[in-house]
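The residues making up each chain are set out below.
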Amino acid sequence: MTTIKGHKINLRPLDVADTAVLFSYRSLPEVYRYQQWLPESVADALSFIESYGFDRQAIRDRWNQFAVIETPSGQLIGDCGFCLCSEGEAEIGYTIMPTLQGRGHGTDCVKTLITFLFDQLPLHSIKAVTDPGNRPSISLLQRLAFTLTSLSPKATCIRGELCDDATYHLRRESWVGEGHSQTAS
Ligand SMILES: CC(C)(COP(=O)(O)OP(=O)(O)OC[C@H]1O[C@@H](n2cnc3c(N)ncnc32)[C@H](O)[C@@H]1OP(=O)(O)O)[C@@H](O)C(=O)NCCC(=O)NCCS
């Protein structure tokens, strides 16, 4: 099984054994508030894992999801993923369970994912789309040298409400230029 080592977390493919924990945090309002997807049931969470779990190779035009594992506890604390939807570009998404937020795990997770993506794929940039009100997400992206490239009012419909999109990009040269390693540690 592919394991990508971060600092205090590792990324590995989501597994059906992760279903109950993934359901427990993804179904919390504070977690799904700014996200399109939420599991209505444990069966939804299982279907998500079976449909989108990363399995050795990136699949285009759909999400490829990893489990975020805290080290050394080995506990599942979140998930993250990427979608290869445009030539040379990957969009990323990330979630950490609320009880373990604010400790740098989100930043570590996204940093590890970016390093993996730039290492393994011929990408020129990585994109993240977030709600302009999602302070923790924006703070995380800015810390990792993403820059705001567009603001689109009422661009995404989330549970019947039209929400604004803030789109951020990180170009390969900025990542390397910031002194980040190109090799997953
Ligand atoms: C975005 C998210 C992954 C960040 O995870 P995290 O583990 O808290 O991330 P970090 O600890 O690395 O913190 C990232 C930044 O957010 C800040 N932060 C954390 N919790 C915060 C809160 N409740 N309010 C404001 N800022 C907060 C941290 O201080 C840090 O800011 P800094 O870089 O200025 O120091 C997490 O909040 C989350 O899962 N949110 C719900 C899902 C979601 O919205 N995902 C993004 C979809 S685009």
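My aim in this report is to walk through the structure given alongside it, one point at a time.

Here is what the cut-offs are and how they apply
Residues numbered from 1 in each chain as written. Predicted model: local features only at pLDDT ≥ 70, side-chain atom pairs only at ≥ 80, totals over all residues. Near = placed C-beta within 6 Å. Helix = DSSP H or I, 4+ residues; strand = E, 2+ residues; numbered from the N terminus. Nonpolar A, V, L, I, M, F, W, Y, C, P; charged D, E, K, R; others polar. Buried ≥ 20, exposed ≤ 12 C-beta atoms within 10 Å, placed from the backbone. Arc of directions from axis to C-beta. Core = buried A, V, L, I, M, F, W, Y, C linked by C-beta atoms within 7 Å. Contact = placed C-beta atoms within 7 Å. Pairing = 2+ DSSP bridges.

## Things to note about the site of the ligand
Thought 1: Around the ligand, the structure places 22 residues, and the nearest of them are Gln101, Gly106, Thr107, Pro136 and Ser139.
Thought 2: Those elements giving two or more residues to the shell around the ligand turn out to be strand 5 (89–96), helix 4 (105–120) and helix 5 (135–143).
Thought 3: Here the shell around the ligand takes six residues from helix 5, the largest share from any one element.
Thought 4: Across the shell around the ligand, the residue classes tally to six nonpolar, 13 polar and three charged.

## Things to note about helix 3 (residues 42–52)
Thought 1: Along helix 3, the residues classified as buried are Ala45, Phe48 and Ile49. For helix 3, the angular spread of buried residues about the axis comes to 95°, placing them on one side. Opposite its buried face, helix 3 presents the exposed residues Ala43, Glu50 and Ser51, each directed more than 90 degrees away.

## Focus on the nonpolar core
Thought 1: If you look at the biggest cluster of nonpolar residues, it comprises 43 residues, and the most contacted ones within it are Val68, Cys80, Ile92, Cys109, Leu113 and Leu117.
Thought 2: Top contributing element to this core by residue count: helix 4, with seven residues.
Thought 3: Setting aside its immediate chain neighbours within four residues, Cys80 contacts Leu11, Phe66, Val68, Ile92, Gly93, Tyr94, Thr95, Cys109, Val110 and Leu113.

## Topic: the sheet that holds strand 6 (residues 125–130)
Thought 1: One open sheet holds the eight strands; their spatial order is 1-2-3-4-5-6-8-7, and the pairing between them is mixed. At either end of the open sheet lies a strand with only one pairing partner, and these are strand 1 (4–5) and strand 7 (147–158).
Thought 2: Two elements, strand 2 (residues 9–13) and strand 3 (residues 63–70), share five bridges in a ladder whose sense is antiparallel. If you follow Pro13 over to strand 3, its bridge partner there is Phe66.

## Concerning helix 5
Thought 1: Of the positions making up helix 5, those classed as buried are Ser137, Leu140 and Leu141. An end-on view of helix 5 places all buried positions within 95° of arc, on one side of the element. Exposed side chains of helix 5 directed beyond 90 degrees from the buried face belong to Arg135, Ser139 and Gln142.
Thought 2: On the buried face of helix 5, the contacting elements are helix 4, strand 6 and strand 8 (161–171).
Thought 3: One or two positions beyond helix 5, positive phi appears at Ala145, with a value near 75°.

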